[in-house]
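# Descriptive structure summary
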Amino acid sequence: MQQNETFPIRYAAIPRQPTLFERYSGLPDLSQLGLIGDAVSEALKAVQGPYPSTLLVCLLAASTVTQTMYDVERPAGGPTSLSLYGLLIADSGERKSSLINYFFKPIREAEIAAEKEYEKQLLQWQRDIQIWEIHRKELKKKLSKAIEHDIAASMKEENTDD
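The sections below set out a description of the structure shown in this document.

### Structural notes on the overall build of the chain
- A count of helices and strands for the chain gives 4 helices and 2 strands.
- Start at the N end of the chain and walk to the C end: the helices and strands fall as α-α-α-β-β-α.
- Within the chain, the fraction of its 162 residues that count as buried is 11%.
- If you take every contact in the chain between residues at least 6 apart in sequence, the share linking residues at least 24 apart comes to 50%.
- Total accessible area on the chain stands at roughly 13,700 Å², and carbon and sulfur atoms take up 57% of it.

### What about helix 2 (residues 34-47)?
- Here helix 2 contains 14 residues, and its C-alpha end-to-end distance of 20 Å stays within 8% of the 20 Å for a straight helix at 1.5 Å per residue.
- Looking at helix 2, one finds that the buried residues are G37, V40, A43 and V47. Along the axis of helix 2, the buried residues cluster in a sector spanning 130 degrees; they form a single face. Summarising the geometry of helix 2, the exposed residues directed more than 90 degrees from the buried face are L35, K45 and A46.
- Where helix 2 terminates, the next one or two residues include Q48, which has phi positive at roughly 60 degrees.

### What about the nonpolar core?
- Counting residues in hydrophobic clusters, the biggest one holds 13 residues, and the most contacted among them are V40, V57, A61, L99, F103 and F104.
- If you tally residues by element for this core, the top one is helix 3 (residues 51-66), at 5 residues.
- Residues contacting V40, with those up to four places away along its chain left out, are L30, Y51, T54, L55, C58 and F103.

### With respect to the pattern of salt bridges
- Within this structure, the stated rule accounts for 3 salt bridges.
- A salt bridge links K105 to E109; its shortest N-O distance comes to 4.0 Å. With K105 and E109 both in helix 4 (residues 96-161) and 4 residues apart, the pair spans about one turn of that helix.
- Salt-bridge contacts for R136 lead to E133; the nearest nitrogen and oxygen are separated by 3.0 Å. Here the residue R136 and the residue E133 both occupy positions in helix 4, the gap between them amounting to 3 residues, near one helical turn.
- R136 gets classed as partly exposed once you look at its relative accessible area, which sits at 34%.

### Here's the deal with unusual backbone geometry
- Despite not being glycine, Q48 shows a phi value in the positive range, around 60 degrees.
- Structurally, Q48 is set in the loop between helix 2 and helix 3.
- Overall, the relative accessible area of 63% leaves Q48 in the exposed class.
- In the Ramachandran plot, R95 falls in the positive-phi region, its phi being about 70 degrees despite a non-glycine side chain.
- The residue R95 is located in the loop between strand 2 (79-81) and helix 4 in this model.

### Structural notes on a nonpolar patch on the surface
- Among the surface-exposed residues, M69, Y70, V72 and L82 lie close enough to one another that they form a single nonpolar patch of about 400 Å² accessible area.
- Along the chain, the position of Y70 falls in the loop between helix 3 and strand 1 (71-73).

### Quick word on the packing of aromatic side chains
- Enumeration according to the criterion identifies 1 aromatic pair in this entry.
- Relative to F103, the ring of Y102 lies with its centre 5.1 Å away and its plane at 85 degrees, an arrangement referred to as edge-to-face.
- According to the relative accessible area criterion, Y102 is partly exposed, its value standing at 33%.

Definitions and limits used
Residues numbered from 1 in each chain as written. Predicted model: local features only at pLDDT ≥ 70, side-chain atom pairs only at ≥ 80, totals over all residues. Heavy atoms only, no water. Helix = DSSP H or I, 4+ residues; strand = E, 2+ residues; numbered from the N terminus. Buried < 20%, exposed > 50% of the residue type's maximum accessible area, 1.4 Å probe, protein only. Contact = heavy atoms within 4.5 Å. Areas by Shrake-Rupley, 256 points an atom, 1.4 Å probe, with all protein chains shown as cover. Expected span 1.5 Å × (residues − 1). Arc of directions from axis to C-beta. Core = buried A, V, L, I, M, F, W, Y, C linked by side-chain atoms within 4.5 Å. Salt bridge = Lys/Arg side-chain N within 4 Å of Asp/Glu carboxyl O. Patch = residues over 30% accessible without salt bridge, like charges linked within 9 Å, V, L, I, M, F, W, Y side chains within 5 Å. Phe/Tyr/Trp six-rings, centres within 6.5 Å; stacked < 30°, edge-to-face > 60°.

This is the structure in structure tokens:
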């Protein structure tokens, strides 16, 4: 590369940038976080991932579980669910997938169980609606026959009155 005014050969030394974990070293003490702190503490022992990542994934899992409980008003108007979005960027081997699986496995299992229960209830509803349709058709037939019988009887009465 040629030396010129725009790109001098001598570059100023770029100071080392602190890592994300160094920048956010003031994270809360686990004993102050109640159930969240207990969950993070257990995950740290089980998964052995970095504390900030563990805390983030725990908060995201807690948000996922509770977001249907409350709505918030959007600035533009209209309610929306209370959601928390997170982005976890880390090098390979920093236990990202292990943390996500640790916290979200019970949620996935609960969703699968709820889906199975829904399928079971849907099947029962479909059976019930089929039975109801059969009864409805039978009642319609009986009602039609009763109406026809009534009309025939009233016509017969009219003919005999003449």
